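# Examining the three-dimensional arrangement
Here are the chains, one letter per residue:
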Amino acid sequence: MRLIIHPDYTGVCRWVACYIAGRITRFAPTAAKPFVLGLPTGSTPLGIYHELISLYREGSLSFAHVITFNMDEYRGLKPDHPQSYNRFMWENFFSFIDIKRDNVNILNGMAADPARECAEYEERIQAAGGIELFLGGIGVDGHIAFNEPGSSLRSRTREKTLSLDTKRANARFFNQNPDAVPASALTVGVGTIMDAREVLLVVSGYNKARALQAVVEGGVSQMWTASCLQLHERALIVADEAATDELKVATVRYFKTIEARQY
Ligand code: PGA
């Protein structure tokens, strides 16, 4: 696992956007060999999407041959609901880049048969050749996608009940009312994320410090599902200083030393 620490959120977003752009450009995607990118929603990726849009506008990045798979979607929200992740992605990212509509994959939270919707999502990922790079955030409860504490570390895409921590954290988008947050979501599983050839987790802010400490210094645990990254061969965590507040000084120093040697 690599842990890259930047002084602040702005630095995190710039670095992550440049990293993603570099991965896509070096991959040299074509229609026959597209780059398959897994994407999150939430506050954390907003700055990254902003930077990626800038890189696209500068002409240094194209999404013409990129296929995306979003991590999750609330159950019961229509795609055009103001808080649906479908709408979030179009309003904050997809509308501003050259991605083809058919190359965007987002779970349908209104599916009449959610189990089938989830199984077909897994099939679509397989058919696209698997995910090359999965970008993710982390919840205050340590979740990755909506794999809440107690999720199987081998889980696949399925419907998952949201934890109280998640409902409280996301209440800010639902008139500060945790009870207005949908009770469940369709989400890729921990196993789905682990199948990606690379996973990049972005962590920002002091409210994520406990989760980051558990993921980096704790054991692999279903109670902090992002800790699955310890078992991934190519896992990268990019964090700001505030998020490292609960890590040991020696841990921070060690990871900083490793990164200083890369340049
Ligand atoms: P946030 O959400 O970026 O809005 O903090 C992250 C998550 O819940 O995974």
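A short tour of the structure in this document, coming up. (Residues numbered from 1 in each chain as written. Predicted model: local features only at pLDDT ≥ 70, side-chain atom pairs only at ≥ 80, totals over all residues. Heavy atoms only, no water.)

## Section: the site of the ligand
Within the structure, the ligand sits among Gly42, Ser43, Thr44, Gly137, Ile138, Gly139, His143, Arg172 and Lys208. Ser43 has a polar backbone atom sitting 2.8 Å from an oxygen atom of the ligand. The side chain of Thr44 places a nitrogen or oxygen atom 2.5 Å from an oxygen atom of the ligand. Protein burial of the ligand: of its 280 Å² of free accessible surface, 83% is covered by the chains. (Near = heavy atom within 4 Å. Polar contact = N/O pair within 3.5 Å; in protein donor to acceptor, adjacent residues only side chain to side chain. Areas by Shrake-Rupley, 256 points an atom, 1.4 Å probe, with all protein chains shown as cover.)

## What about the packing of helix 2 (residues 46-58) against helix 3 (residues 85-92)?
Across the interface, helix 2 lies against helix 3 with an axial gap of 10 Å and an inter-helix angle of 40°. Between helix 2 and helix 3, the angle falls in the class oblique. Two secondary-structure elements touch here, helix 2 through Leu46, Tyr49 and Ile53 and helix 3 through Phe88, Met89 and Asn92. Class assignment for the residues of the contact of helix 2 with helix 3 results in 5 nonpolar, 1 polar and no charged. (Axes fitted to C-alpha atoms, helices over the stretch in contact; angles between N-to-C directions. Helix = DSSP H or I, 4+ residues; strand = E, 2+ residues; numbered from the N terminus. Parallel < 35°, antiparallel > 145°, perpendicular 65-115°, else oblique. Contact = heavy atoms within 4.5 Å. Nonpolar A, V, L, I, M, F, W, Y, C, P; charged D, E, K, R; others polar.)

## Thoughts on the sheet that holds strand 1 (residues 2-6)
In a beta sheet, neighbouring strands pair by backbone hydrogen bonds and run either parallel or antiparallel. Sheet architecture is open: 7 strands sit in the order 1-10-9-6-2-3-5, paired in parallel fashion. Strand pairing shows two members of the sheet lacking a second neighbour, strand 1 and strand 5 (104-105), which therefore form its edges. The pairing of strand 3 (residues 66-70) with strand 5 spans 2 bridges and is classified as parallel. From the neighbouring strand, Phe69 faces strand 5, where its bridge partner is Asn105. The sheet contacts of helix 1 (residues 9-27) involve strand 1, strand 2 (35-39), strand 3, strand 6 (133-136), strand 9 (199-203) and strand 10 (235-240), and relative to strand 10 the element is tilted by about 150°. (Pairing = 2+ DSSP bridges.)

## Observations regarding the side chain of His232
Positionally, His232 belongs in the loop between helix 7 (209-217) and strand 10. In this structure the side chain of His232 is engaged in a polar contact, spanning 2.7 Å, whose partner is the backbone oxygen of Ala196. Of note is the side chain of His232, whose polar atom sits 2.9 Å from the backbone nitrogen of Arg234. Once you skip the residues sitting within four places of it in the chain, His232 turns out to touch Ile193, Met194, Ala196, Arg197, Glu198 and Val199.

## Details of the pattern of salt bridges
Taken as a whole, this structure holds 12 salt bridges when the rule is applied. A salt bridge links Arg116 to Glu120, with the shortest nitrogen-to-oxygen separation between them at 3.0 Å. With Arg116 and Glu120 both in helix 4 (residues 114-127), this residue pair falls 4 residues apart, about one helical turn. Among the residues examined, Arg116 registers a relative accessible area of 53% and is labelled exposed. Arg156 is the salt-bridge partner of Glu122, the closest N and O atoms lying 3.0 Å from each other. Here the residue Glu122 occupies a position in helix 4, and Arg156 occupies one in the loop between strand 6 and strand 7 (158-161), the gap between them amounting to 34 residues. (Salt bridge = Lys/Arg side-chain N within 4 Å of Asp/Glu carboxyl O. Buried < 20%, exposed > 50% of the residue type's maximum accessible area, 1.4 Å probe, protein only.)

## Concerning the sheet that holds strand 7
Reading across from one edge, 4-8-7 is the order of the 3 strands in this open sheet, with antiparallel pairing throughout. Strands at the two margins of the open sheet, each flanked by one partner only, are strand 4 (72-74) and strand 7. The mean inter-strand angle of the sheet, taken between neighbouring strand axes irrespective of direction, is 30°. Bridge analysis of strand 7 against strand 8 (residues 184-187) gives 4 bridges, and the strand direction is antiparallel. Opposite Lys160, over in strand 8, you have Ala185 as the bridge partner.

Remember that the coordinates give geometry; whether it matters functionally is a separate question.
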